[in-house]
Amino acid sequence: GVFGESQALLEALEIAEKAASTDLPVLIDGESGTGKELMAKLVHTNSRRAEKQLISVNCGAIPENLIESELFGHKKGAFTGATSDRQGKFESADGGTIFLDEVGELPLQGQVKLLRVLQSSEIQRVGSDQVSNVDTRIVAATNRNLLEMSQQGHFREDLYYRLSVIQVTLPALRQRPDEIPLLIDFFSDEAAEKLQRPPLQLAPRLRTFLHSYPFPGNIRELRNIIFRLSCLAEHSADLEHLPPGIRPSEALSSGQSDAPN
């Protein structure tokens with residue numbers, strides 16, 4: 001789950017937990033790797049919809065010409081390759097929650113359709129004249145400034161205000177450095193359990209390095225590093241076990257290899 005002790009994170013958790021008991025749209029913003037999908041799961045599992053599905057969609061990973069079909073479904077023959085009727089993600093999430101990750105990547109036409117769902121709870125499959133009602137709670141996430149995008153004409157301003165009735169902002173890990181030791185221990189225990197080996201022992205200079213490293217990839221990057229260290233270090237992890245891209249000069253100059261001998 002999402003955990004920590006910083007004021008910014010505790011405020012975000014409090015807002016999310018209060019929002020969960022409603023059906024209001026939630027917009028989660030924060031840098032990549034800050035835990036936006038975990039926060040969306042928290043909203044869902046604390047809502048009246050917890051027994052229904054949470055359907056996740058990465059809007060940035062779907063080709064523009066397929067985004068409407070992916071979200072709203074299509075009728076057979078609606079376009080080349082549409083060999084049968086298909087249910088979209090909104091219908092799959094009926095009664096539950098849909099998580100729209102990277103919502104800022106939605107093309108403008110998809111934004112128009114999404115606005116219609118927010119306004120009227122209605123969807124229309126591509127190639128169909130029939131309108132269907134859906135009872136789907138929308139949680140969206142972005143690492144972009146949607147308000148700035150709307151002012152530049154890249155994101156509909158009316159959609160932004162519809163999506164952000166409740167806004168939850170996740171802090172970057174560099175804004176909560178005091179929590180790095182806590183997170184190191186948490187991920188070390190998680191890695192030990194998954195890899196079925198003793199908890200990782202970190203050399204003092206490695207701990208010092210991690211406490212001061214800015215973590216541009218945030219919590220996801222820290223977790224990946226700890227799992228790498230747990231895999232490569234047989235007994236005690238040191239600087240030479242770090243990924244080459246972040247390994248400091250004293251490890252590189254020591255002539256030690258990527259993995260232990």
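Each value, and the rule that gives it
- Position numbers for residues start from 1 in each chain and track the written sequence from start to end.
- Local features are withheld for residues below a pLDDT of 70 in this predicted model, meaning they are given only at 70 or higher, and side-chain atom pairs are given and counted only at 80 or more; totals for whole chains, interfaces and linings count all residues.
- The side-chain quantities take in all heavy atoms of the structure and omit both hydrogens and water.
- We count a stretch as a helix when DSSP gives it H or I for four or more residues in a row; a strand needs E for two or more, and each element gets its number in order from the N terminus.
- Whether two residues are in contact is decided by their heavy atoms, any of which lying within 4.5 Å being enough.
- Residue burial is assigned from relative accessible area. The probe radius is 1.4 Å, only protein chains are included, and a residue is buried under 20% of its type maximum, exposed over 50%, and partly exposed in between.
- Whenever Lys or Arg places a side-chain nitrogen within 4 Å of a carboxyl oxygen from Asp or Glu, that contact is recorded as a salt bridge.
- Strand pairing requires that DSSP identify at least two bridges connecting the strands.
- Per-residue confidence from the predictor is reported as pLDDT, a score between 0 and 100.
- Starting at the helix axis, one direction is taken to each C-beta atom, and the arc is that of these directions.
- One fewer than the residue count of a helix, multiplied by 1.5 Å, yields its expected span.
- To get an axis, fit a line to the C-alpha atoms, keeping to the stretch in contact for a helix; angles then go from 0 to 180 degrees between the N-to-C directions.
- Note that the term roughly parallel is reserved for angles under 35 degrees, roughly antiparallel for angles over 145, roughly perpendicular for angles of 65 to 115, and oblique for everything else.
- The crossing is said to be left-handed when, going from far helix to near helix, the turn is anticlockwise and less than a right angle, and right-handed when the turn is clockwise.
- Think of it as three bins: nonpolar holds Ala, Val, Leu, Ile, Met, Phe, Trp, Tyr, Cys and Pro, charged holds Asp, Glu, Lys and Arg, and polar takes everything else, Gly as well.
- Two N or O atoms count as a polar contact when they lie within 3.5 Å, although within protein this holds only if one can serve as hydrogen donor and the other as acceptor, and sequence-adjacent residues are included solely when both atoms are side-chain atoms.

## Focus on the overall build of the chain
Next, step 1: The helix and strand inventory of the chain stands at eleven helices and nine strands.
Next, step 2: In the chain, once contacts between residues fewer than 6 apart in sequence are set aside, the share between residues at least 24 apart is 71%.

## Overview of unusual backbone geometry
Next, step 1: The phi dihedral of Ser121 falls on the positive side, at around 60 degrees, and the residue is not glycine.
Next, step 2: Here Ser121 is to be found in the loop between helix H5 (108–120) and strand S4 (122–124).
Next, step 3: Within the chain, Asn218 stands out as a residue other than glycine whose phi angle is a positive 60 degrees.
Next, step 4: With relative accessibility at 0%, the residue Asn218 sits in the buried group.

## Section: the pattern of salt bridges
Next, step 1: Summed over the entire model, instances satisfying the criterion amount to 18 salt bridges.
Next, step 2: Across the pair Lys89 and Glu70 runs a salt bridge whose closest N-O atoms are separated by 3.6 Å. Of the two residues, Lys89 is situated in helix H4 (residues 89–92) and Glu70 in helix H3 (residues 67–72); the sequence distance between them amounts to 19 residues.
Next, step 3: Of the charged contacts in the structure, one is a salt bridge between Lys194 and Glu190, with a shortest N-O distance of 3.7 Å. You can see Lys194 and its partner Glu190 sitting in helix H8 (residues 180–195), four residues apart, about one turn around the helix.
Next, step 4: With a relative accessible area of 56%, Lys194 lands in the exposed category.
Next, step 5: In this structure Glu190 comes out as buried when scored by relative accessible area, which is 19%.

## Some remarks on the pairing of strand S1 (residues 26–29)
Next, step 1: Neither face of S1 is left uncovered, since the one carrying Val26 and Ile28 and the one carrying Leu27 and Asp29 both have all their residues buried.
Next, step 2: Of the strand pairs in this sheet, S1 and strand S6 (residues 137–142) are connected by four bridges, and their pairing is parallel. Considered in S6, the bridge of Val26 is made with Val139.
Next, step 3: By the bridge criterion, four bridges tie S1 to strand S7 (residues 166–169) in an arrangement that is parallel. The residue of S7 that forms the bridge with Asp29 is Thr169.

## A short note on the confidence of the model for the chain
Next, step 1: For the chain, the average pLDDT comes to 89, and 93% of its residues sit at 70 or higher.
Next, step 2: The secondary structure element of the chain with the lowest average pLDDT is helix H11 (residues 249–252), at 62, and the one with the highest is S1, at 98.
Next, step 3: Low pLDDT, under 50, characterises residues 253–261; the stretch is placed with 15 contacts to residues that sit more than four places away or in other chains.

## Here's the deal with helix H9 (residues 204–212)
Next, step 1: Taken together, the buried positions of H9 are occupied by Leu206, Phe209 and Leu210. For H9, the arc enclosing every buried residue in end-on projection is 95 degrees, short of the 170-degree limit, so these residues lie on one face. The outward face of H9, more than 90 degrees from its buried face, is lined by the exposed residues Pro204, Thr208 and Ser212.
Next, step 2: Packing partners of the buried residues in H9 comprise H8, strand S8 (201–202), helix H10 (218–232) and strand S9 (236–237).

## Some words on H8
Next, step 1: With 16 residues, H8 ought to run about 22 Å at 1.5 Å a step, and its terminal C-alpha atoms sit 22 Å apart, in line with that.
Next, step 2: Those residues of H8 that fall on the buried side of the exposure criterion are Ile180, Leu183, Ile184, Phe187, Ser188, Glu190, Ala191 and Ala192.
Next, step 3: Lining the buried residues of H8 we find S8, H9 and H10.
Next, step 4: Of the residues one or two after H8, Gln196 is the one with positive phi, at around 55 degrees.

## Notes on the packing of H8 against H9
Next, step 1: One way to put it is that H8 packs onto H9 with a least axis distance of 9 Å and a crossing angle of 120 degrees. Classified by the angle their axes make, H8 and H9 are oblique. Taken as a pair, H8 and H9 cross one another with a handedness that is right-handed. Residues Ile180, Pro181, Ile184 and Asp185 of H8 form the contact with H9, whose participating residues are Arg207, Leu210 and His211.
Next, step 2: Along the lines of polarity and charge, the residues of the contact of H8 with H9 split into four nonpolar, one polar and two charged.

## Here we look at the side chain of Thr34
Next, step 1: Within the secondary structure, Thr34 sits in the loop between S1 and helix H2 (36–45).
Next, step 2: In terms of polar contacts, Thr34 uses its side chain to reach the backbone carbonyl oxygen of Glu31, at 2.7 Å.
Next, step 3: Leave out the neighbours within four places in its chain, and Thr34 touches Leu170, Pro171, Ala172 and Asn218.

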